[in-house]
Each structure stands twice: as structure tokens, then as C-alpha cells.
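Close look at the chain arrangement
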2 protein chains.
Amino acid sequence: MIESLKNHILRFVSPSKKEMEDFLNIIESENIPAKHYILKEGHYCNYNHFIVKGCFRSFFINEKGVEKTINFGIEDWWLTDFDSFMNRTQTQLNIQATEDATVLKISKPNLDMVLKSSLEINKYFRIILERVRIADQRRIQYMFNLSGEELYNTFYEYNPEFVQRIPQYMLASYLGFTPEFLSKIRAKKHS
Amino acid sequence: MIESLKNHILRFVSPSKKEMEDFLNIIESENIPAKHYILKEGHYCNYNHFIVKGCFRSFFINEKGVEKTINFGIEDWWLTDFDSFMNRTQTQLNIQATEDATVLKISKPNLDMVLKSSLEINKYFRIILERVRIADQRRIQYMFNLSGEELYNTFYEYNPEFVQRIPQYMLASYLGFTPEFLSKIRAKKHS
DNA sequence: AGAAAAACTTAATCTAGATTAAGAAATATA
DNA sequence: TATATTTCTTAATCTAGATTAAGTTTTTCT
């Protein structure tokens, strides 16, 4: 199971045997049943999670009580609230499994320890973050420039299988509009 | 002038004398007059830029010909199109100085060379990217949850001096609405 | 200093998407 | 296999912000 993380690392960097072992040794694993949380508003985010199997969403609840989904995570993604994790602040986010899931996780002190001295693990996280940055920028660009309907069509085009995997109201929330509006879009599309 | 980059690095990491020198040695510098570009749509983004003095905006031009500002950069920020820079693809972005500016810049091959072996410089960019990630996530969260008026007020609250520094139409574009709407907000506020 | 260009304002009209509400399907649970 | 819960749909009404267009103010350049 830890193999999936090992393989992911090897896709990007080439640690020595010792470097890899030192890193994998401080990884913990956990099974999360569907609908359970790995992070809840008001708590401290103590782990960065690598998703081995399953799907998660991170969302916050606004002042009107509406859930706003800001990210999804699936297999081979790292998921955390960086703000809370790095700055040791209380999180405003909830991270919930949308289906039965397995994660590997690493605590802040353990991660700090490895990052203090391991060149390749630093490289690994730097590269991951570069890719995340590209994805975030692209998302911001889309949000600015596309209508709701275009956002849905674009998302569907690039992630057809994923759309089947989650309830529509979560996708609507992620794309920045209401579930009712998503229904409208789909009705239009299939007519 | 390269002192400002050196100081920035020392705020986050502790390279050896040699590590710092090797890095600073491959940095180039450039003065950019107001309105000039350091990146233009269709070109390859060959540099990551560290802003010593001045202000830049990165924007793309949509199919209707409207400029959409997706980022600003000021003193002590790194600015590039990561997608183009990392993946060696043609950029869709323009990066323009909004006032006379000075940048330090590093080419992709030179940066790759340093990152291959320097632990501290890898750490440095990893930490920068973690902070960028936090900012991006916060921005997405705001964009989802705040009205145009709230976005402006929040931005103004946290960056009062910066609002004076750029034309309003750029800020409107960055916040995701039209300059006319920003005028409306301000008229309301000052009445 | 004067002309041209760039930036900002105001106001009327229009529209994408929100809101509200009610019912229908689908899924989970006993 | 019935009941409860969750998810999805439809439709009427409403609103934040876009669009268009014209005029004004500010900045830049010669």
C-alpha cells in the first residue's frame, strides 16, 4: 500500500535507498469510511495526506450555512489545509471522504524532520507544489473567463469519469454555482 | 541590488556561503520601464523573475478581447508563468510592468542546475510555493464566497497602499468584475 | 501649455445565475 | 420491501453585476 506513494515519488525524483526509507518510515496509514472526516473546522490540521484509494472533498461552511467545496482529491494526490498545517492555525476547512478511502499521512514534526536534510524529498514536494500552482492558476483563469455552463462542460470534458464519482451538488459547489443551476445545464444538454 | 534577493532567501533558509554564491552567480538583472512586457502571449516563458522594485500584472486576453488580470506582483515576489516555464509550452499570458521596475531573473537551465544539487535552494522554493499555495487557496475561497463589493472592501482593507498604486480597471479585472462596477462600488462607499 | 490618450464616472437596459418552493427519483437503512 | 434520507429536477421570481454608450477627469507626451 505504501508502494503507491513510493511509486509516486519515483515518478518525480530519485532518492537514495536510505533517503526513501527514512521518509517512508515516518508515514502512517488510515482507512476512512465514506462521509467521515479527516479534518474539521476549528481543529488544527496536523497531517498532510496522500490518497491511496478513494475521494475527498475539502469545503468550508459560509455564514449562510452553505457548504462551499474548494477542492477534490483523488488517488495519488496530497491533500491538506496548508495554511493550518504550515502556520499552526485553526482551520476553517472540513475534509471529508466522499467514498471509502485509504490514506497515508505524515505529521508536521515528522515532515519537518525529513525536509531538514533530505534533498530529494524537498525536490519532490517542490515539484508537487509547482504542479499544484499550475492547476490553481488554471482554475482561477477558468473561473474568471468561463460561464457556469462552460465551466461544467470543460470540467466534464477533462474529467468524464470523475463526474460520475461524486454527487452533483458537490460538483456544482466546486464549480461555483448552485445545484439547481447545474440541473438546468444538464437538462439543456440532454435535450 | 542583488542584496534584496539575498535577504529574501535568508528570511526562509540558511544556505552555506558557497550555495548562496552559486545561486546568486547565475542571476541576471534587468530594468523594465513602465508598460513594457517581460512576457508576451505566444512566447516561451524562459525566466522566473524576482521583483526588486516596481509592480507587474499578469493577464490574458480572452476571445472577446478583454484583458483579464490574474495576478499582481510587487517587491520581493517571484513572478513567472509556471506552466510555460516548467513545461516549456507557449504562454497564454502577458506580464507587464505597471510602473518602472527592476527585476532579477533566472533562466530555466540555470535554475535546474542549481536545484539539482542545492538542498537549501530547493527548500527556499518549496517554502515560497507553500506560501503561494496558501494565497491561491484563500483567493479561490474569497472568489467563491464574497460579492464584488465584499471582494473590493476586503482587498482594500488588506492592501490600502496597493490600491493607490494601480489603475482601477486593473484592480476590477483582478477582482473579477468590470471597471464600471467598481466605480459604482466606490460611488456608494463615498456617499 | 496644449493636444491626445488613458482612466474614470454615470445611467439605462439587460442577463446569468440565485433563490424559493415543491415534487420526483434514487439510495440507504430497518 | 417499506420507510426514511439524500439527491436531483422543474419552474417562477428576483438580483448582482454585465453591457452599452456618452461624458468627464486625469495623465502623458510634444
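Now for a quick tour of the structure. From a predicted model like this one, the values you see are computed outputs, not experimental measurements.

Residue and element names in this part refer to chain B. Scanning all chains against the criterion turns up 24 aromatic pairs over all chains. Ring geometry for Phe72 versus Tyr174: centroids 5.1 Å apart, planes at 45°, classification tilted. Of the two residues, Phe72 is situated in strand β5 (residues 67–73) and Tyr174 in helix α8 (residues 168–175); the sequence distance between them amounts to 102 residues. Classification of Phe72 as buried rests on a relative accessible area of 7%. Between Tyr124 and Phe125, the aromatic rings sit 5.1 Å apart at their centres with planes inclined by 65°, giving edge-to-face as the arrangement. Classification of Tyr124 as buried rests on a relative accessible area of 0%.

Contacts to DNA strand C come from 15 residues, most closely from Gly148, Phe177 and Thr178 of chain A together with Gln168 and Ser183 of chain B. The protein-proximal atoms of DNA strand C, defined as those within 4 Å of the protein, are 69% sugar or phosphate. Here a phosphate oxygen of DNA strand C sits 2.7 Å away from a polar atom, N or O, in the main chain of Gly148 of chain A. Measuring from a phosphate oxygen of DNA strand C, one finds a side-chain N or O atom of Ser183 of chain B at 2.5 Å. For the surface near DNA strand C, the leading source of residues is helix α9 (residues 179–189) of chain B, giving 4 residues.

Criteria and thresholds
Residues numbered from 1 in each chain as written. Chains lettered and ligands numbered in written order. Predicted model: local features only at pLDDT ≥ 70, side-chain atom pairs only at ≥ 80, totals over all residues. Heavy atoms only, no water. Phe/Tyr/Trp six-rings, centres within 6.5 Å; stacked < 30°, edge-to-face > 60°. Helix = DSSP H or I, 4+ residues; strand = E, 2+ residues; numbered from the N terminus. Buried < 20%, exposed > 50% of the residue type's maximum accessible area, 1.4 Å probe, protein only. Near = heavy atom within 4 Å. Polar contact = N/O pair within 3.5 Å; in protein donor to acceptor, adjacent residues only side chain to side chain.

So, to be careful, I would describe these as geometric facts and stop short of saying anything about function.
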